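Observations on the three-dimensional arrangement
Chain by chain, the residues:
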Amino acid sequence: MKDISFRTEVLPLKDELFRLALRITLNRADAEDVVQETMLKVWSRREQWSELESMEAFCLTICRNTAIDKLKRADRQVQTLEEDGGYDHPDHSYSADPEEQTVQRDRVMLVRRLMDQLPEKQRTCMQLRDVEGKPYKEIAQVMGITEQQVKVNIFRARQTLKQKFQQTEQYGL
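The sections below set out a description of the structure shown in this document. None of these values were measured; they are calculated from a predicted model.

1. Overview of the nonpolar core
One finds Val 10, Leu 17, Val 42, Trp 49 and Met 55 to be the most contacted residues of the largest nonpolar core, which totals 35 residues. Counting residues per element, this core draws most heavily on helix α4 (residues 55–74), at 9 residues. Here Leu 17 is in contact with Val 35, Thr 38, Met 39, Cys 59, Leu 60 and Cys 63, once residues within four sequence places are set aside.

Shown next as structure tokens:
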């Protein structure tokens, strides 16, 4: 029987949960609400903790489902992330040239906008893999799909992003 502490096992995941919720809801306030609801749901299921294989996967699954439920309840159109997404700061090591820094920042914002346009499953898979660095197995567990489906979703998301990015770079907005 594992002895799991909310303070040491669950609370440190709040930033990761926020990033996932933000990627799904595309709204900072909604993402904060989702994280708070997730924490409450995890706490209310504390009697199940000893049976869990991965507390992180458990929390991410609850967060994902809560975010999706919030979107369904709201029944609203998808919005883009705020430009100051709060989790990605400009890379000043790229170049001392302000023009190159501006071009790089614009490209990052373009990729974010393009990611926001992806279907929810592809967007979530890509967030968990490419931003959070999660292994395929854990992503599959969080999303309730097979590892192969995770790989397919990530492949399709990357292909779509690549294609749209190249179109935009060649022809502009």
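That covers the picture; the talk isn't over yet.
2. Quick notes on the packing of helix α7 (residues 136–143) against helix α8 (residues 147–171)
In the contact formed by α7 and α8, the axes pass within 8 Å of each other and the chain directions differ by 100 degrees. Judged on the interaxial angle alone, α8 and α7 are roughly perpendicular. In this structure, α7 uses Tyr 136, Lys 137, Ile 139 and Ala 140 to contact α8, whose residues at the interface are Glu 147, Val 150, Lys 151 and Ile 154.

3. A word on helix α5 (residues 98–116)
With 19 residues, α5 should reach 27 Å at 1.5 Å per residue; the first-to-last C-alpha distance of 27 Å fits that figure. Against α2 (14–25), α6 (120–131) and α8 lie the buried residues of α5.

4. Focus on the environment of Val 42
Positionally, Val 42 belongs in helix α3 (residues 28–44). Setting aside its immediate chain neighbours within four residues, Val 42 contacts Phe 6, Val 10, Trp 49, Met 55, Phe 58, Cys 59 and Ile 62.

5. A look at α8
With 25 residues, α8 extends 36 Å between its outermost C-alpha atoms, agreeing within 8% with the 36 Å of an ideal straight helix rising 1.5 Å per residue. Summarising the contacts, the buried residues of α8 are in contact with α5, α6 and α7.

6. Thoughts on the packing of aromatic side chains
We describe a pair of aromatic rings using the distance from one ring centre to the other and the angle between the two ring planes. If you walk through the whole model with that rule in mind, you get 3 aromatic pairs. Ring geometry for Phe 6 against Trp 43: centres 5.4 Å apart, planes inclined by 80 degrees, an arrangement best described as edge-to-face. Here Phe 6 is found in helix α1 (residues 6–10), whereas its partner Trp 43 is found in helix α3, with 37 residues between them in sequence. For the ring pair Trp 43 and Trp 49, a centre distance of 6.0 Å and an interplane angle of 70 degrees mean the geometry is edge-to-face. Residue class for Trp 43 comes out partly exposed when judged on its relative accessible area of 40%. Put simply, the rings of Phe 6, Trp 43 and Trp 49 pair up and form one aromatic cluster. The lysine or arginine in question, Arg 129, covers the ring of Tyr 136, its NZ or CZ lying 4.1 Å from the ring centre. For the cation-ring pair, Lys 151 lies above Tyr 136, with the distance from its terminal atom to the ring centre recorded as 5.3 Å.

7. Digging into the side chain of Asn 153
Examined against the element boundaries, Asn 153 turns out to sit in helix α8. Beyond its immediate chain neighbours, meaning those up to four positions away, Asn 153 contacts Lys 121, Gln 122, Cys 125 and Ile 145.

Reading the values: rules and limits
Residues numbered from 1 in each chain as written. Predicted model: local features only at pLDDT ≥ 70, side-chain atom pairs only at ≥ 80, totals over all residues. Heavy atoms only, no water. Core = buried A, V, L, I, M, F, W, Y, C linked by side-chain atoms within 4.5 Å. Buried < 20%, exposed > 50% of the residue type's maximum accessible area, 1.4 Å probe, protein only. Helix = DSSP H or I, 4+ residues; strand = E, 2+ residues; numbered from the N terminus. Contact = heavy atoms within 4.5 Å. Axes fitted to C-alpha atoms, helices over the stretch in contact; angles between N-to-C directions. Parallel < 35°, antiparallel > 145°, perpendicular 65-115°, else oblique. Expected span 1.5 Å × (residues − 1). Phe/Tyr/Trp six-rings, centres within 6.5 Å; stacked < 30°, edge-to-face > 60°. Lys NZ or Arg CZ within 6 Å of the ring centre and 35° of its normal.

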